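What follows is the residue order along each chain.
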Amino acid sequence: MSIMGLALKSLKNRRATALLTIFSIAVSVALLLGVERIRVEARNSFTSTVSGTDLIVGARSSSLNLLLYSVFHIGNATNNITWETYQELAGDEAVKWTIPLSLGDSHRGYRVLGTSDAMFSSFQYGDGQSLAFSEGKPFSVLYDAVIGSEVAAKLGYKTGDSVVLSHGVNSDSLQQHDDKPFRISGVLQPTGTPLDKVIMVSLEGIEALHIDWINGAPPIAAFSISAKDTEAMSLQPESITAFLVGLNSRISAFRYQRLVNEYGEEALTAILPGVALGELWQLVGTAESALLAVSGLVVIAGLLGMLTMILSSLGERRREMAVLRAVGARPRHIFTLMVTESVLYAAGGVMLGFTLLYGLLFTLQPIFQLQLGLHLAITPPGEFELILATLVVISAALLGSIPAWRAYKNSLADGLTVRL
Amino acid sequence: MSGHLPPVIELDSVEFSWKEGIPVLDIPELKLYPQEKIFIRGPSGSGKTTLLGLLGGVITPQQGTVNVLGQDLAAMSAAQRDHFRADQIGFVFQLFNLIPYLSVIENVVLPLGFAPRRQQKVSESGRTNQQEALRLLQHLGLDDPQLLQRPVTELSIGQQQRVAAARALIGSPGLVIADEPTSALDSNLRTAFIQLLFDECQATGSTLVFVSHDMALESQFDRSIDLQQLNLAGEVA
């Protein structure tokens with residue numbers, strides 16, 4: 001019988017404690033892999049959102065702030081861009097397309113995003129995917145709205161439903177635009193981007209909501225303009241919050257960025273999304289590292305648990321070792337047997353850990369998509385995972401050599417005497 | 001007694017002490033001949049364990065030579081002695097001979113994995129390891145297929161000792177050392193067990209060294225050696 005066979009049978013004989021040890025290693029491995037997976041996927045999710053966008057232009061602010069409020073709807077704009085400026089910058093010869101973004105209103109906690117048809121024709125995310133509809137179509141008339149998949153799922157909306165938007169994005173003291181309700185014309189398919197959590201309307205729709213507002217205050221009854229009247233009016237937006245730019249060639253990105261940053265009429269900032277994301281990762285990198293370090297320590301704790309288990313079993317297995325010696329096992333066989341056992345624990349733990357991870361991924365994927373808008377891609381183990389798995393097994397072998405060495409010394413000292 | 005054949009075991013002016021200055025073993029001469037069945041009578045404290053350690057090559061004497069099957073054990077490295085022991089000596093102990101997590105058959109064939117020479121002997125017989133184990137077990141009166149399926153820990157002590165004997169005999173080692181193998185058995189089982197052991201040692205051509213303090217067994221053997229008389233160190237102490 002091979003040493004491996006002996007080790008397997010020996011473990012099987014102690015299956016209760018063996019399984020517990022394997023399970024504790026598995027949980028720690030799954031935790032570490034899970035933390036890493038979520039870190040990578042969160043980054044991918046952010047990167048995916050801006051993957052098709054060459055530049056983002058907004059009022060002058062830090063690049064991170066602009067990135068966060070314009071695309072990820074975190075925080076608020078410092079200022080707006082006038083319509084004239086937007087028209088001029090969008091007309092530059094280097095520009096292939098622009099998507100205007102107008103933020104400021106909300107509906108039951110979800111942002112309202114004023115935009116144009118370009119959002120449906122030009123916006124790209126992930127690996128060059130365009131927005132697709134699970135039902136309905138883009139907005140065509142003034143009071144049409146398109147909702148993201150999460151909004152539809154959470155609020156139970158479908159095409160044809162009527163929604164009333166609120167002024168502002170803070171939930172306290174919201175003023176309702178209840179005189180001008182919108183009708184849902186379409187629902188987007190899930191994208192794994194912040195667009196899952198928005199209600200999109202046309203820029204004209206945003207303008208219509210605020211046409212009779214003066215200095216951010218609602219109109220008094222006498223001066224209010226009805227929804228019906230606005231439809232006949234020419235609704236040119238006065239300003240937008242930011243706009244996304246797609247260039248004909250990325251080579252012109254820096255020239256265009258300089259053009260925007262040095263624009264004389266208004267204080268503007270143009271950012272390259274990748275660069276701004278890099279700043280974001282630097283910012284959150286420390287927290288990520290801390291989380292990874294803690295998970296790493298949990299794996300070490302799991303392995304130390306294994307070591308304790310093996311060391312404490314050595315006493316009762318002394319006789320077994322002496323019998324093995326008597327039937328011809330050399331001390332090195334005893335050493336190999338003990339190390340093999342540790343490696344089996346670790347290998348079992350790692351395999352079970354991967355099983356747990358993928359089980360969790362399959363369970364959590366829809367929940368993460370729905371609750372956080374974070375799309376967890378379920379992919380085969382990557383380089384990091386395989387390196388980690390190898391490291392765990394190697395560490396186990398190294399740790400296992402401690403009890404193996406003791407068993408080795410014991411077997412030399414005990415010889416063939418089977419003590420009672 | 002086979003005096004013309006070279007001895008299987010030959011001890012010459014052997015001295016051994018665990019601690020310097022306190023000899024536990026001092027044997028001027030001991031010769032055991034092929035296929036002899038030797039009874040070594042030794043109460044505890046007579047240096048029995050130490051003698052077995054010397055014969056098994058687990059320890060080497062400070063003085064003198066230990067020859068087993070024509071090999072000077074002291075001249076070998078520890079690894080060579082391990083190989084030699086695995087190939088040439090089968091052991092049966094007083095109790096707990098078996099590996100609890102292996103089946104009866106697996107326990108019996110266990111030495112073959114560590115002893116190429118014994119494995120070769122089984123292969124030369126034209127039988128598989130499994131067949132050879134079953135054959136030995138059958139000779140030792142363990143041929144109930146249901147019994148063989150049971151975990152070794154559920155066997156009676158008498159059955160366990162017979163499995164251990166089969167393990168010591170598999171692959172026909174030159175020497176079988178039995179250390180108080182019957183002390184945990186009832187007296188009616190003892191005689192039967194010893195007879196089985198004799199028959200199998202005869203069949204495989206192995207020399208049997210049987211160590212016990214039970215005088216009642218002495219008469220069944222070819223020769224009896226009193227370790228207390230043999231071991232001068234014991235007298236001193």
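None of these values were measured; they are calculated from a predicted model.

Conventions adopted
Within each chain, residues carry numbers counting from 1 in the order of the written sequence. The lettering of chains begins at A and the numbering of ligands begins at 1, in the order of writing. Restriction of local features to residues with pLDDT of at least 70 applies here, the model being predicted, together with a cutoff of 80 or more for giving and counting side-chain atom pairs; totals for whole chains, interfaces and linings are based on all residues. No hydrogens and no water enter the side-chain calculation; it runs on all heavy atoms of the structure. Elements are defined by DSSP. Helices are runs of H or I of four residues or more, strands are runs of E of two residues or more, and each kind is numbered from the N terminus. Radius of gyration: C-alpha atoms only; globule rule: 2.2 Å multiplied by the number of residues to the exponent 0.38. Note on exposure labels: buried denotes an accessible area under 20% of the residue type's maximum, exposed denotes more than 50%, and partly exposed covers the range between, all computed with a 1.4 Å probe on protein chains only. Throughout, a residue-residue contact means that at least one pair of heavy atoms, one from each residue, lies within 4.5 Å. Calculation of accessible area relied on Shrake-Rupley with a 1.4 Å probe; when residues are assessed, cover is drawn exclusively from the protein chains displayed. The convention is simple: Lys and Arg are positive, Asp and Glu are negative, and His and the chain ends are not counted. For the purpose of locating charges, the reference atoms are NZ of Lys, CZ of Arg, CG of Asp and CD of Glu. Classification of ring pairs uses Phe, Tyr and Trp, with its six-membered ring standing for Trp, and accepts pairs whose centres are within 6.5 Å; under 30 degrees between planes counts as stacked, over 60 as edge-to-face, and the remaining range as tilted. Salt bridges are defined as contacts in which a side-chain nitrogen from Lys or Arg sits within 4 Å of a carboxyl oxygen from Asp or Glu. pLDDT measures the predictor's confidence residue by residue and takes values from 0 up to 100. In this context, the arc is that of the directions from the helix axis out to the C-beta atoms. Pairs of N or O atoms within 3.5 Å make up the polar contacts considered here, provided that, within protein, one atom can donate a hydrogen while the other can accept it, and that residues adjacent in sequence are counted only when both atoms are side-chain atoms. At least two bridges found by DSSP between two strands is the condition for calling them paired. Axis definition: a line fitted to C-alpha atoms, over the contacting stretch in the case of helices. Angles run 0 to 180 degrees between N-to-C directions. Buried residues of nine kinds, namely Ala, Val, Leu, Ile, Met, Phe, Trp, Tyr and Cys, make up a nonpolar core once their side-chain atoms join them within 4.5 Å. Two parts placed together each lose some accessible area under a 1.4 Å probe, and the buried area is that loss summed for both. Lys, Arg, Asp and Glu make up the charged group, whereas Ala, Val, Leu, Ile, Met, Phe, Trp, Tyr, Cys and Pro make up the nonpolar group; the residues left over, Gly among them, are polar.

**What about the overall build of chain B?**
- A tally of helices and strands in chain B yields 10 helices and nine strands.
- In terms of overall dimensions, chain B is globule-like: its C-alpha atoms have a radius of gyration of 18 Å, near the 18 Å expected for 237 residues.
- The C-alpha extent of chain B, read off along each of the three principal axes, is 55 × 35 × 35 Å.
- Counting the 237 residues in chain B, one finds 53% classified as buried.
- Long-range pairs, those at least 24 residues apart, make up 74% of the contacts in chain B with a sequence separation of at least 6.
- When the accessible area of chain B is evaluated, it comes to approximately 10100 Å², of which 49% is carbon and sulfur surface.
- Within chain B, one finds 17 positive and 26 negative side-chain charges whose respective centroids are separated by 4 Å.

**Re the packing of aromatic side chains**
- Under the definition given, this model contains 15 aromatic pairs over all chains.
- With centroids separated by 5.5 Å and ring planes inclined at 40°, the aromatic side chains of Phe120 of chain A and Phe133 of chain A adopt a geometry described as tilted. Here Phe120 of chain A, found in helix H5 (residues 118–121), pairs with Phe133 of chain A, found in strand S7 (residues 133–136); they are 13 residues apart in sequence, far enough to count as distant.
- With a centroid separation of 5.2 Å and an interplanar angle of 50°, the aromatic rings of Phe39 of chain B and Phe221 of chain B are classed as tilted. A residue pair is termed long-range when its members are at least 10 positions apart, and Phe39 of chain B in strand S3 (residues 37–41) and Phe221 of chain B in the loop between strand S8 (207–212) and strand S9 (223–226) qualify at 182 residues. We note that Phe39 of chain B, like Phe221 of chain B, is buried.

**Some points on the pattern of salt bridges**
- Under the criterion given, the structure shown has 27 salt bridges over all chains.
- The closest approach of N and O atoms between Lys180 of chain A and Asp179 of chain A, which form a salt bridge, is 2.8 Å.
- For the salt bridge of Arg41 of chain B with Glu218 of chain B, the shortest nitrogen-to-oxygen distance reads 2.5 Å. Of this pair, Arg41 of chain B sits in strand S3 while Glu218 of chain B sits in the loop between S8 and S9; the two residues are 177 residues apart in sequence, bridging distant segments of the chain.
- Taking the relative accessible area as the measure of exposure, Arg41 of chain B reaches 15% and is therefore buried.
- Each of Arg14, Arg317, Glu320 and Glu341 of chain A takes part in a single network of salt bridges with overlapping partners.

**With respect to the confidence of the model for chain B**
Residue and element names in this part refer to chain B.
- The predicted model of chain B has a mean per-residue pLDDT of 84, with 97% of residues at 70 or higher.
- Looking over chain B, one finds the lowest element-wise mean pLDDT in helix H10 (residues 232–236), namely 60, and the highest in helix H3 (residues 104–109), namely 90.
- Predicted as a complex, the structure gets a pTM of 0.74 and an ipTM equal to 0.83.

**Let's talk about helix H5 (residues 129–139) of chain B**
All names here are of chain B.
- Taken residue by residue, H5 has Glu132, Ala133, Leu136 and Leu137 as its buried positions. Seen along its axis, H5 keeps its buried residues to an arc of 135°; they face one direction.
- Where H5 is buried, its residues meet H3, helix H4 (116–124), helix H6 (145–149), helix H7 (157–169) and helix H8 (187–204).
- Two residues or fewer past H5, Gly141 is found with a positive phi of approximately 80°.

**Here's the deal with helix H9 (residues 253–261) of chain A**
All names here are of chain A.
- Those residues of H9 that fall on the buried side of the exposure criterion are Ala253, Tyr256, Gln257 and Val260. The buried residues of H9 occupy one face: seen down the axis, they fall within an arc of 105°.
- Summarising the contacts, the buried residues of H9 are in contact with strand S1 (55–59), helix H4 (83–90), strand S3 (95–107), strand S15 (242–247) and strand S16 (268–271).

**Examining the side chain of Arg190 of chain B**
Residues and elements named next belong to chain B.
- For Arg190, the position within the fold is in helix H8.
- A distance of 2.7 Å separates polar atoms of two side chains, one belonging to Arg190 and the other to Asp214.
- When residues no more than four places from it in sequence are discounted, the contact partners of Arg190 are Thr182, Ser183, Leu185, Asp214 and Leu217.

**Observations regarding the sheet that holds S8 of chain B**
Residues and elements named next belong to chain B.
- Read from one edge to the other, the open sheet built from five strands follows the order S6-S7-S8-S3-S9, with strand pairing classed as parallel. Of all strands in the sheet, those with a lone pairing partner are strand S6 (89–92) and S9, marking the two edges. Here the strands of the sheet are splayed against their neighbours by 20° on average, with no regard to which way each runs.
- Direction of pairing for strand S7 (residues 175–179) relative to S8: parallel, over a ladder of five bridges. Across the sheet, Val176 pairs through a bridge with Leu208, a residue of S8.

**A short note on the pairing of strand S12 (residues 182–188) of chain A**
Residue and element names in this part refer to chain A.
- Of all seven residues that make up S12, six are buried, and the element is covered over most of its length.
- Sheet analysis places S7 next to S12, joined by three bridges and oriented antiparallel. Its bridge partner being in S12, Gly136 is matched across the sheet by Gly186.
- Bridge count for strand S8 (residues 144–147) against S12 is four bridges, and the pairing is parallel.

**Describing the nonpolar core**
- Grouped together as the largest cluster of nonpolar side chains are 48 residues, with contacts concentrated most on Leu6, Leu324, Tyr345 and Val392 of chain A together with Leu110 of chain B.
- Those elements that place two or more of their residues in this core are helix H1 (3–13), helix H2 (15–49), helix H10 (273–314), helix H11 (318–326), helix H12 (331–371) and helix H13 (383–414) of chain A.
- Considering each element in turn, this core owes the most residues, 13 residues, to H12 of chain A.
- The contacts of Leu110 of chain B, once residues within four sequence positions are left out, are Leu6, Leu324 and Val327 of chain A together with Ile99 and Leu102 of chain B.
- By size, the runner-up hydrophobic cluster in this structure holds 37 residues, among which are Val122, Val163, Ala166 and Leu185 of chain B.

**Some points on the interface of chain A and chain B**
- Across the boundary between the two partners, chain A contributes 23 residues, which contact 20 residues of chain B.
- In total, chain A and chain B occlude about 2200 Å² of area from one another, counting both sides; carbon and sulfur atoms represent 70% of this.
- Summed over the shared surface of chain A and chain B, the number is two salt bridges.
- Arg325 of chain A is the salt-bridge partner of Asp82 of chain B, the closest N and O atoms lying 3.1 Å from each other.
- Connecting chain A to chain B are five residue pairs in polar contact (both at pLDDT 80 or more).
- Where the side of chain A that touches chain B is concerned, the elements lending two or more residues are H1, H11 and H12 of chain A.
- When residues in the side of chain A that touches chain B are grouped by element, the largest group, six residues, is from H11 of chain A.
- The class makeup of the residues in the side of chain A that touches chain B is 12 nonpolar, six polar and five charged.

**Observations regarding the sheet that holds strand S5 (residues 71–72) of chain B**
Residue and element names in this part refer to chain B.
- Spatially, four strands are ordered S2-S1-S4-S5 in an open sheet, and the strand pairing comes out antiparallel. The sheet terminates laterally at strand S2 (25–32) and S5, the two strands that pair on one side only.
- Pairing analysis gives five bridges linking strand S1 (residues 9–16) to strand S4 (residues 63–68), with the strands arranged antiparallel. Bridging from a neighbouring strand, Ile9 pairs with Val68 of S4.

**Section: unusual backbone geometry**
- Backbone geometry places Arg108 of chain A, a non-glycine residue, at a positive phi of 45°.
- Note on placement: Arg108 of chain A falls in the loop between S3 and strand S4 (110–115).
- You will see that Glu180 of chain B, though not glycine, has its phi angle at about 50°, which is positive.
- Relative to the assigned elements, Glu180 of chain B resides in the loop between S7 and H8.

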